[in-house]
Amino acid sequence: MGDTTVTTPEGREAAIPHPVAAETGPGPLRRLRTPRRPRFWFEILLIAVSYWTYSLVRNAVPEQKAEALRNADWIWKAEQQLGIAVEQSVNHAVNSVTWLIIGMNYYYATLHFVVTLGVLVWLYRRHPGRYAATRLVLFATTAVALVGYYLYPLAPPRLMNGGDFIDTVMVHQTWGSMASGDLKHMSNQYAAMPSMHIGWSVWCGLTIYALASIPWVRVLGLLYPALTLVVIVATANHFWLDAVGGMLCLAFGFAVATIWYGRQPYALPQRVPTRARGTGRPLLPTRA
């Protein structure tokens, strides 16, 4: 079946009547697997309910403190034996520069949410045909991370026994972290593996790099997860191996979305075809 495309000012494919995954299969399944224009209020409600559910489940995982501390000791010793235990050196070096570590504390507490929501809004407005599939990547990534929190409780470096790591939020009394101070009782302190700061930031970075048309914006997309990795290590909230876990979860998310839609999310049409009123049949795609 031939594809109908429209070239946008960005020079990217705009729309096709039916994605590969929608060409076969029963009617209801075909409709579910066909990219369609997202509905604003539905998306707001879906994201809010999904994040609430994620937080509820994450915090409902038992805080298996003893096992989490044993796992942290094991990871730290394994890294030392392999000569890749750099977290403590980075933590102490960055903490010695007050303005830098304070900035990183606020970065850790805020950009994780702000940038992710910003990318979702951008996708909704500029790439509605790719929005649902790319959002599915994020949701599947987060869902499988919950399994990791349950199966492998892990204390962050700042909570290790005798690890000599600096809890930078406690030392500098910065605002916003759910991991320190009075707010720590509202969050599971032993759910460090995998790191969703990395899972979400790499999702943001790849999405921006793949779909943005401005070169410097694409470069910023790649720099964002790299800087996030430095931040989670410098603030002693994660081992760098937690970042590997986050990227494995992201790979799972991409696999789920690719299987469901029949192609990689960024390869889907930028825009969806307008449907004729009352018929449900697609018209020719509109220009971006």
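Please read these numbers as outputs of a predicted model, since none were measured by experiment. (Residues numbered from 1 in each chain as written. Predicted model: local features only at pLDDT ≥ 70, side-chain atom pairs only at ≥ 80, totals over all residues. Heavy atoms only, no water.)

## Digging into the packing of helix H8 (residues 196-211) against helix H9 (residues 215-234)
When two helices pack together, their arrangement is given by the angle between the helix axes and the distance between those axes. Interaxial distance between H8 and H9 falls to 7 Å at its minimum, and their mutual angle equals 170°. One finds that H8 runs roughly antiparallel with respect to H9. Note on element contacts: H9 touches H8 through Val217, Arg218, Gly221, Leu222, Tyr224, Pro225, Thr228, Leu229 and Ile232, opposite His197, Ile198, Ser201, Val202, Cys204, Gly205, Ile208 and Tyr209. (Axes fitted to C-alpha atoms, helices over the stretch in contact; angles between N-to-C directions. Helix = DSSP H or I, 4+ residues; strand = E, 2+ residues; numbered from the N terminus. Parallel < 35°, antiparallel > 145°, perpendicular 65-115°, else oblique. Contact = heavy atoms within 4.5 Å.)

## Some remarks on the nonpolar core
Counting 37 residues, the largest nonpolar core has Tyr149, Met196 and Trp203 as its most contacted members. Contributions of two or more residues to this core are made by helix H2 (40-60), helix H5 (98-126), helix H6 (128-151), H8, H9 and helix H10 (240-261). Looking at this core element by element, the count peaks at eight residues for H8. In this view, Trp203 contacts Thr116, Val119, Leu120, Leu123, Thr134, Val137, Leu138, Leu250 and Tyr266; residues no more than four positions away in its chain are not counted. (Core = buried A, V, L, I, M, F, W, Y, C linked by side-chain atoms within 4.5 Å. Buried < 20%, exposed > 50% of the residue type's maximum accessible area, 1.4 Å probe, protein only.)

## So, the confidence of the model for the chain
Across the chain, the average pLDDT comes to 81, with 74% of residues at or above 70. Under a pLDDT of 50 for its full length, residues 1-25 has, in the predicted model, 68 contacts with residues more than four places off or in other chains. Low confidence marks residues 276-288, where pLDDT is under 50. Its contacts with residues over four positions away, or in another chain, come to 25 contacts. (pLDDT = per-residue confidence, 0-100.)

## A look at the packing of aromatic side chains
Under the defined criterion, the tally for this structure stands at six aromatic pairs. With a centroid separation of 6.3 Å and 35° between ring planes, the pair formed by Trp76 and Phe239 is classed as tilted. Of this pair, Trp76 sits in helix H3 (residues 65-82) while Phe239 sits in the loop between H9 and H10, and the two are 163 residues apart along the sequence. The same class applies to Trp76 as to Phe239, namely buried. For the pair Phe113 and Trp200, a centre-to-centre distance of 6.5 Å together with 80° between the ring planes defines the contact as edge-to-face. Linking Phe113 in helix H5 with Trp200 in helix H8, this pair joins segments that are 87 residues apart in sequence. Take Trp200: its relative accessible area is 8%, and that puts it in the buried class. Through a chain of ring-to-ring contacts, the aromatic side chains of Trp76, Phe165 and Phe239 assemble into a single cluster. Positioned over the ring face of Phe139 is Arg135, at 5.7 Å from the centre of the ring. Across from the ring centre of Tyr209, 4.2 Å away, lies the NZ or CZ of Arg218, which sits over that ring. (Phe/Tyr/Trp six-rings, centres within 6.5 Å; stacked < 30°, edge-to-face > 60°. Lys NZ or Arg CZ within 6 Å of the ring centre and 35° of its normal.)

## Brief notes about unusual backbone geometry
With an omega of 0°, the peptide bond running from Met193 to Pro194 counts as cis. Note on placement: Pro194 falls in the loop between helix H7 (168-172) and H8. Although it is not a glycine, Gln173 sits at a positive phi angle of roughly 55°. By secondary structure assignment, the location of Gln173 is in the loop between H7 and H8. Under the relative-accessibility criterion, Gln173 is labelled exposed at 64%. Positive phi, close to 65°, is recorded for Ala236, a residue that is not glycine. For Ala236, the position within the fold is in the loop between H9 and H10.

## Observations concerning a nonpolar patch on the surface
The grouping of Ile214, Trp216, Val219, Leu220 and Leu223 at the surface amounts to a nonpolar patch, some 510 Å² of accessible area in total. Looking at the element boundaries, Leu220 is found in helix H9. (Patch = residues over 30% accessible without salt bridge, like charges linked within 9 Å, V, L, I, M, F, W, Y side chains within 5 Å. Areas by Shrake-Rupley, 256 points an atom, 1.4 Å probe, with all protein chains shown as cover. Salt bridge = Lys/Arg side-chain N within 4 Å of Asp/Glu carboxyl O.)

## Comments concerning H3
For H3, which comprises 18 residues, the first-to-last C-alpha distance of 26 Å matches the rise-based estimate of 26 Å (1.5 Å per residue) to within 8%. Buried residues of H3: Ala68, Leu69, Asn71, Ala72, Ile75, Trp76, Ala78 and Glu79, and no others. Contacts from the buried residues of H3 go to helix H4 (87-95) and H10. Note on H3: the residue one or two positions beyond its end, Gly83, has a positive phi of about 75°. (Expected span 1.5 Å × (residues − 1).)

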